[in-house]
Structure formats: structure tokens, C-alpha cells
Amino acid sequence: MNSPWKLTHHEVLEITDLNGTSVTKSQIQGSLNSDTATRIMIFNDDGTGTKVSEYPGNSPLYGNFTWATPDGNKLQIDDNVADSFTVNNNELTFTTSNAEYYQLGTVVKFSVKTFYNKNNI
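Residues numbered from 1 in each chain as written. Predicted model: local features only at pLDDT ≥ 70, side-chain atom pairs only at ≥ 80, totals over all residues. Heavy atoms only, no water.

**Q** So what exactly am I meant to see when it comes to the environment of L32 here?
**A** Considering the arrangement of structural elements, one finds L32 in helix α1 (residues 25-33). In the structure, L32 is positioned 37 residues away from T69 in sequence and 25 Å away in space, judged by C-alpha atoms. With near-sequence residues (within four places) excluded, L32 lies in contact with H10, V12, F110 and V112. (Helix = DSSP H or I, 4+ residues; strand = E, 2+ residues; numbered from the N terminus. Contact = heavy atoms within 4.5 Å.)

Given below as C-alpha cells:
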């Protein structure tokens, strides 16, 4: 998949269950995009990969994952399946409809599009 890919940003598409809260799309998106970690995903041809998270001033954290494209349109990373994904030149995006955000102990469900870029590495 033309690795490595660096996370650039998230775009909240829709809140699907407020679960009694008043949280907004912009609040969730702001929270997701305020993370200061550099996040990189490396996809290997054999269906394995490595996640790298580096917070300013700290050593990188590494984690392994497995990946597949079950029907050619979905991207499965470990047990999480994105509804769709695209790879266009230097951009990888995937859309997930079952994302969760925690607001004061309450789970808010939403759909999100996540953007990774090859140019920023």
C-alpha cells in the first residue's frame, strides 16, 4: 500500500448516536485533531504492519497489526473494519461509521474520515 503513511487529520462526517449528550461534530473533530502525536502506519505486503506513535519529547511507541482488504473496498486493521478506503497517489483515506468518542463517561458514536499522507514523511 505504498507505505509508510503519516496521519494528517480527521473529518467527522456525522454523529450517529449522541447518547443524551450535547457534543457537536466540531468538538469531536477538534479533540481528534488536537492530538500532538506523530502517527505513522507501515503496511507490509504480507498482511502485517507497524504503527508508530511519537509524542513530542518522548521515544516512539511501536505496535504491530494485521491488515486485509476483505472485499477490495474495505480496509480491515486487526478487528476494526473501515467502511471504505482509497489510495490516490500520495493520500490514503478511510471512512469508519462505528467510531466512538467519550464525553464525561458517555459513549457518542460517529462516522469519521481519516486522512494519511505520503508527502509528509
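**Q** Looking at this structure, I do not really get the packing of aromatic side chains. What am I missing?
**A** Under the criterion given, the structure shown has three aromatic pairs. For the pair F43 and F65, a centre-to-centre distance of 5.4 Å together with 75° between the ring planes defines the contact as edge-to-face. Highlighted residues: F43 in strand β2 (residues 38-43) and F65 in strand β4 (residues 61-68), separated in sequence by 22 residues. Judged by centre distance (5.5 Å) and plane angle (90°), the rings of F43 and W67 are edge-to-face. (Phe/Tyr/Trp six-rings, centres within 6.5 Å; stacked < 30°, edge-to-face > 60°.)

**Q** Is there a simple way to explain unusual backbone geometry in this structure?
**A** Keep in mind that most residues, glycine aside, have a negative phi and that most peptide bonds are trans. Not every positive phi belongs to a glycine, and N19 is a case in point at roughly 55°. What makes N19 partly exposed here is its relative accessible area of 43%. One non-glycine residue, L104, lies in the positive phi region at around 50°. (Buried < 20%, exposed > 50% of the residue type's maximum accessible area, 1.4 Å probe, protein only.)

**Q** For this particular structure, what's the right way to read the nonpolar core?
**A** A general feature of soluble globular proteins is that nonpolar side chains tend to end up buried together. Core analysis: the largest hydrophobic core is formed by 13 residues, its most contacted members being F43, L75, I77 and Y116. Of all the secondary structure elements, the ones that give two or more residues to this core are β1 (5-17), β2, β4, β5 (75-77) and β8 (91-103). Once residues lying within four places of it in the same chain are set aside, the contact partners of Y116 are W5, K6, L7, T8, R39, M41, N90, E91, L92 and F94. Counting residues in hydrophobic clusters, the runner-up holds nine residues, among them V12, Y101, V108 and F110. (Core = buried A, V, L, I, M, F, W, Y, C linked by side-chain atoms within 4.5 Å.)

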